[in-house]
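# What the coordinates show
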Amino acid sequence: MGFDDTYKLSAHAVIANEAGEVLQLRATYADKTWGLPGGALDLGETIHEALHRECREELGREVVIDYLSGVYYHRVYNSHVFIFRAHLKGRGDIVLSSEHSDFDYFPLKDLTPVQRVRVQHCLQFNGEVQSAKF
């Protein structure tokens, strides 16, 4: 299977606050759901480059990537998602792009079941990259 419009790759960041709550952004498109910062890779882009670019675009901030914690296949989207632990670099406010209307930090119990699994794997990282199918 080649890299084309029918198959997607994306990279997303798990960014937690001091209380262990996870940063989520509310989309202004489609079903306006909450999700982790990040998005689809552009052609020729590495997963690290994509995560840095997406976070700059969506948060108006630079991130520092701590580690890759998991790679997950999503049947509904025919997509592989790379999940990274990251933190915001330096100080400053989050400035959302037009793709998002709000941001907030959520406890694990308030995440969707799929998000909860991916985020738990990330926060409980033991040095082994996890994978799963949803």
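Before any of the text, the structure's been laid out above.
Attention here is on the structure that accompanies the text. (Residues numbered from 1 in each chain as written. Predicted model: local features only at pLDDT ≥ 70, side-chain atom pairs only at ≥ 80, totals over all residues. Heavy atoms only, no water.)

### Some points on the overall build of the protein chain
- From N to C terminus, the protein chain includes 2 helices and 8 strands.
- If you list the helices and strands of the protein chain from N to C, you get β-β-β-β-α-β-β-β-α-β.
- Over its C-alpha trace the protein chain gives a radius of gyration of 14 Å, about what one expects of a compact globule, namely 14 Å for 134 residues.
- By its C-alpha atoms, the protein chain is 40 × 35 × 25 Å across when sized along the principal axes.
- Looking at the protein chain residue by residue over its 134 residues, the buried ones come to 38%.
- Excluding contacts between residues fewer than 6 apart, the proportion of contacts in the protein chain whose partners are at least 24 apart in sequence is 65%.
- Taken as a whole, the protein chain presents about 7,600 Å² of accessible surface, with 51% of it coming from carbon and sulfur.
- If the 14 positive side-chain charges of the protein chain are averaged to one point and the 19 negative ones to another, these points end up 4 Å apart. (Helix = DSSP H or I, 4+ residues; strand = E, 2+ residues; numbered from the N terminus. Rg over C-alpha atoms; globule rule 2.2 N^0.38 Å. Buried < 20%, exposed > 50% of the residue type's maximum accessible area, 1.4 Å probe, protein only. Contact = heavy atoms within 4.5 Å. Areas by Shrake-Rupley, 256 points an atom, 1.4 Å probe, with all protein chains shown as cover. Lys, Arg positive; Asp, Glu negative; His and termini not counted. Charge placed at Lys NZ, Arg CZ, Asp CG, Glu CD.)

### Section: the pairing of strand 1 (residues 8-14)
- With 6 of 7 residues buried, strand 1 is to be regarded as a mostly interior element.
- Pairing analysis gives 7 bridges linking strand 1 to strand 6 (residues 79-88), with the strands arranged parallel. Note that in strand 6 the partner of Ser10 across the bridge is Val81.
- Pairing analysis gives 3 bridges linking strand 1 to strand 4 (residues 38-40), with the strands arranged antiparallel. (Pairing = 2+ DSSP bridges.)

### As for the pattern of salt bridges
- This structure, assessed with the given rule, holds 6 salt bridges.
- The salt bridge involving Arg56 is made with Glu62; its shortest N-O contact spans 3.5 Å.
- Classification of Arg56 by relative accessible area gives partly exposed; the value is 39%.
- When the shortest N-O distance is used, the salt bridge between Asp110 and Lys109 registers 3.1 Å.
- When its relative accessible area of 45% is taken as the criterion, Asp110 is described as partly exposed.
- Within this structure, Asp42, Glu45, Arg53, Glu54 and Glu57 form a network of salt bridges that share partners. (Salt bridge = Lys/Arg side-chain N within 4 Å of Asp/Glu carboxyl O.)

### Here's the deal with the side chain of Gln24
- Assignment of secondary structure puts Gln24 in strand 2 (residues 22-27).
- Given a relative accessible area of 4%, Gln24 falls into the buried group.
- When residues no more than four places from it in sequence are discounted, the contact partners of Gln24 are Trp34, Gly35, Leu36, Asp102, Phe103, Asp104, Phe106, Leu111 and Gln115.

### Overview of helix 2 (residues 113-123)
- Listed in full, the buried residues belonging to helix 2 are Gln115, Arg118, Val119 and Cys122. Looking down the long axis of helix 2, one finds its buried residues gathered within 95° of arc, a one-sided arrangement. (Arc of directions from axis to C-beta.)

### Focus on the environment of Ala50
- Along the chain, Ala50 falls in helix 1 (residues 47-59).
- The exposure class of Ala50 is buried, given its relative accessible area of 0%.
- For the pair Ala50 and Asp66, spaced 16 residues apart in sequence, the C-alpha to C-alpha distance is 15 Å.
- Those residues in contact with Ala50 that lie beyond four places of it in its chain are Leu41 and Glu45.

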